[in-house]
Structure formats: structure tokens, C-alpha cells
Amino acid sequence: MSLLHEIQSAVLQEGSDLGPILLKLRLLAARIGSQPLAEWVRHESEGYPRDAELPDYRFIPVSYTASFSGPFGSGINNAPISPYLVRKFAGEHWVRHEMRESIAAVDDLLATAEKGGHLGINAADLILLLQGKVYSDYACNSVTGSIARSSLASIRHAVRTRVLELTLELEKSVPDATAITIGPAVLPSAPSSAAATQIAQQIIYGNFTSIAATGDGATIQVAVAPHDANSLVQFLAGSGMAEEDAQELARLAASEKPESSAEPMGPLVRSWFVENLKKAASGTWKMGVAVATDVVKEALLKYYGLK
């Protein structure tokens, strides 16, 4: 059995440990020459350094309660604090926690938390930041932050899902990957390394750009120029969409305007995309359904000059 198929088999086993799966994926990444994939696996295994980019699934919400004392012995205990107030007076990072710990540490936290419960975090600094800004004439005495256990479980699920989607995309788009076994290494071809790198960027970080180089010192170039149909077609085709479909989507995009800065698909593009999305599910397009949706949205945002 190839290394890639061993990873797929392991990740589909209920309750399987992610540690050995990530080790095998790290070896696969090295064999196919994908530096971004190797770095992601290393960060998931060892934790994300402060200067490392975090995938979206590792930002988790935090809720807060606080106790206040007022005049004449009055008080308010365990009062929920609105995320809006925390964000306004303390900053976004207080309500959107960066979970940089390794996946093993996430598993350990899950094991210690009661089912359906919460995990507390140190929120002492919020006492000063919220002082006098929540209830007038009431002093803030303590603040307690908590993270839902389900948020930690969602991180573990997200990693498993990405491992499976990565291997499925590699199987379709990088034929060399299915021939790799645990044994003597064979140097990957340059096209295989580039394709694996782009797949990793798309699935893990949602960074839908063309990779101009791989490995250390790699550069990333924006592939879609505003209102340039040719660059839109080239980008979509290079991302895995059939070229004739990319041309049809570009033609429709040129014939209408986006609905808003947040929703770049007009009615014609949306109708066409919904009808043709089955090609991603069937393998006609060399990208998964989730990747196809994000690729098209990102490409249209750039095409319309909205990003």
C-alpha cells in the first residue's frame, strides 16, 4: 500500500490518533517536495510559533463573565460580558483566541474538560481594561474567560478533514504521490512539487494564488488582474477547473456586476456555478467542492477589483 493510501486509511478509522497520521503526512510532504505542506504538518505536531500564520480554524471564540461591586454593598456576580464591549475596549484578540498549541495539546485539553463543558483562560488583564465601562458606578472585581469544549473538538476535526482532503486532491492532481512508499526516496518532478504546494496553500490556508517557486524563498504572485478575463481563465484552469468551463465563467463574469463587495457572484455566475459544481464532486474538476467554491469567490473578488 502506498504511503498516501495508508494515511487515508488511518484518518478514516474512528478514534485513530492524529500523531502517527501527521508523521506519515510529513514524510509524504518531504517526498513530493511541498514545503508549505511540510510546515503545516510540523506546526500541527509541534505548535505554531508566534510569527507563523494561523489557519482560520485555529481562531476560536472566547466568552466572558465578570463580577462587579457597587454602592451600599450591592453587587452583580457572573454577569455575561458582551463580545462587542470586550472587542471595543480590549481588542479583537480577546474574543478571537489564537490556539497555537500542538494538536497533542489540544487533545490533552479535550481529555481534561468535561463533556459539553468549558475551559477557563486567564483574563485578569481585562479587569483594568473594562473598569468603569460595563456598569456605571460599579467596580469590576474579576473577569473569567472560557472556551467551549466544542471549539477545541472542531480544531481536531478540521485537521482530520484537511488531511483527508489533501490526500484526495494529491491523488487526483499529483500522480507521483500515489507511488510513494516507505522506502528509498525518489526525487519528485518539478510540476508535481508545484501542484502539491498549490493544493496545500488552497486547502489549509485558503490562499488561492499561483505559486511561482517552491521551498525556501518561494514567492507568491497574484494570478488575477482586475477586469482581465484572460488572467481569470488562466487562474481558474490552473487551479483545476476545466478550461472550457473557466472560459464560460469568465464570459458570464464580464457580462454582469457583483452583488456586493462581500458577494462577488452575480445571478448569472451563481446560477452557472451551482449547476456546474457537480463537476468538482465527480472529479471532472481537479479540486474538491469546498476548494472550488473558495477558488471561484477569491478569483472573482480580484477580477472585480474588490480585493
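Residues numbered from 1 in each chain as written. Predicted model: local features only at pLDDT ≥ 70, side-chain atom pairs only at ≥ 80, totals over all residues. Heavy atoms only, no water.

*Asks:* Which residues make up helix H3 (residues 35-46), and what values do they have?
*Replies:* In a regular helix each residue adds 1.5 Å, so twelve residues correspond to 16 Å; H3 covers 16 Å between its end C-alpha atoms and thus fits that length. Buried within H3 are the following residues: Pro36, Leu37, Ala38, Trp40, Val41, His43 and Glu44. Backbone nitrogen of Leu37 and a side-chain oxygen of the N-cap are separated by 3.4 Å at the start of H3; the cap is Ser34. Immediately downstream of H3, the backbone of Gly47 shows phi near 105°, a positive value. (Helix = DSSP H or I, 4+ residues; strand = E, 2+ residues; numbered from the N terminus. Expected span 1.5 Å × (residues − 1). Buried < 20%, exposed > 50% of the residue type's maximum accessible area, 1.4 Å probe, protein only. Polar contact = N/O pair within 3.5 Å; in protein donor to acceptor, adjacent residues only side chain to side chain.)

*Asks:* Please set out the packing of helix H10 (residues 243-254) against helix H11 (residues 267-276) residue by residue, giving values where relevant.
*Replies:* Interhelical geometry of H10 versus H11 gives an angle of 160° and a closest axis separation of 9 Å. Put simply, H10 runs roughly antiparallel to H11. Crossing geometry of H10 relative to H11 is assigned as right-handed. For the pair formed by H10 and H11, the contact residues are Asp245, Glu248, Leu249, Leu252 and Ala253 on the first element and Leu268, Val269, Trp272 and Asn276 on the second. Looking at the contact of H10 with H11, its residues break down into six nonpolar, one polar and two charged. (Axes fitted to C-alpha atoms, helices over the stretch in contact; angles between N-to-C directions. Parallel < 35°, antiparallel > 145°, perpendicular 65-115°, else oblique. Left-handed = near helix turned anticlockwise from the far one by under 90°. Contact = heavy atoms within 4.5 Å. Nonpolar A, V, L, I, M, F, W, Y, C, P; charged D, E, K, R; others polar.)

*Asks:* Would you mind going over the pairing of strand S2 (residues 63-69) in detail, with residue names and values included?
*Replies:* Two elements, S2 and strand S6 (residues 139-148), share seven bridges in a ladder whose sense is antiparallel. In the sheet register, Tyr64 faces S6, and the bridge partner there is Gly145. The pairing of S2 with strand S3 (residues 75-81) spans five bridges and is antiparallel. Note on S3: the bridge partner recorded for Tyr64 is Ile81. Counted along the chain from S2 to the antiparallel partner S3, the turn is five residues long, and its residue Phe72 has a positive phi close to 60°. (Pairing = 2+ DSSP bridges.)

*Asks:* Could you give an account of the side chain of Asp245, naming the residues involved and the relevant values?
*Replies:* The topology assignment puts Asp245 in helix H10. Residues within four places of Asp245 in sequence aside, it is in contact with Trp272, Asn276, Lys279 and Trp285.

*Asks:* How would you summarise the environment of Leu236 if you had to cite specific residues and measurements?
*Replies:* As for its placement among the helices and strands, Leu236 is situated in helix H9 (residues 229-238). Residue class for Leu236 comes out buried when judged on its relative accessible area of 1%. Between the C-alpha atom of Leu236 and that of Ala292, which follows or precedes it by 56 residues, the distance is 9.2 Å. Leu236 has contacts with Met241, Ala246, Leu249, Met287, Val295, Val296 and Ala299, leaving out every residue within four places of it along the chain.

*Asks:* Break down the sheet that holds S6 for me, citing the residues and quoting the values.
*Replies:* Taken together, four strands build an open sheet; the order of strands is S3-S2-S6-S5 and the sheet is antiparallel. Since the sheet does not close on itself, it has two edges, and those belong to S3 and strand S5 (118-121), each with one partner. If you compare each strand with its neighbour and ignore which way they point, the axes differ by 30° on average.

*Asks:* Provide a residue-level description of the packing of aromatic side chains, including the pertinent values.
*Replies:* For the coordinates displayed, the defined rule picks out six aromatic pairs. Between Phe68 and Tyr135, the aromatic rings sit 5.0 Å apart at their centres with planes inclined by 80°, giving edge-to-face as the arrangement. Here Phe68 is found in strand S2, whereas its partner Tyr135 is found in the loop between helix H6 (126-130) and S6, with 67 residues between them in sequence. Judged by relative accessible area, which is 3%, Phe68 ranks as buried. The class for Tyr135 is partly exposed, based on a relative accessible area of 30%. Relative to Trp285, the ring of Trp272 lies with its centre 6.2 Å away and its plane at 25°, an arrangement referred to as stacked. Placement of Trp272 in helix H11 and of Trp285 in the loop between helix H12 (278-282) and helix H13 (289-303) is noted, with a sequence separation of 13 residues between them. Summarising the burial analysis for this pair, Trp272 and Trp285 share the class buried. (Phe/Tyr/Trp six-rings, centres within 6.5 Å; stacked < 30°, edge-to-face > 60°.)

By themselves these figures say nothing about function.
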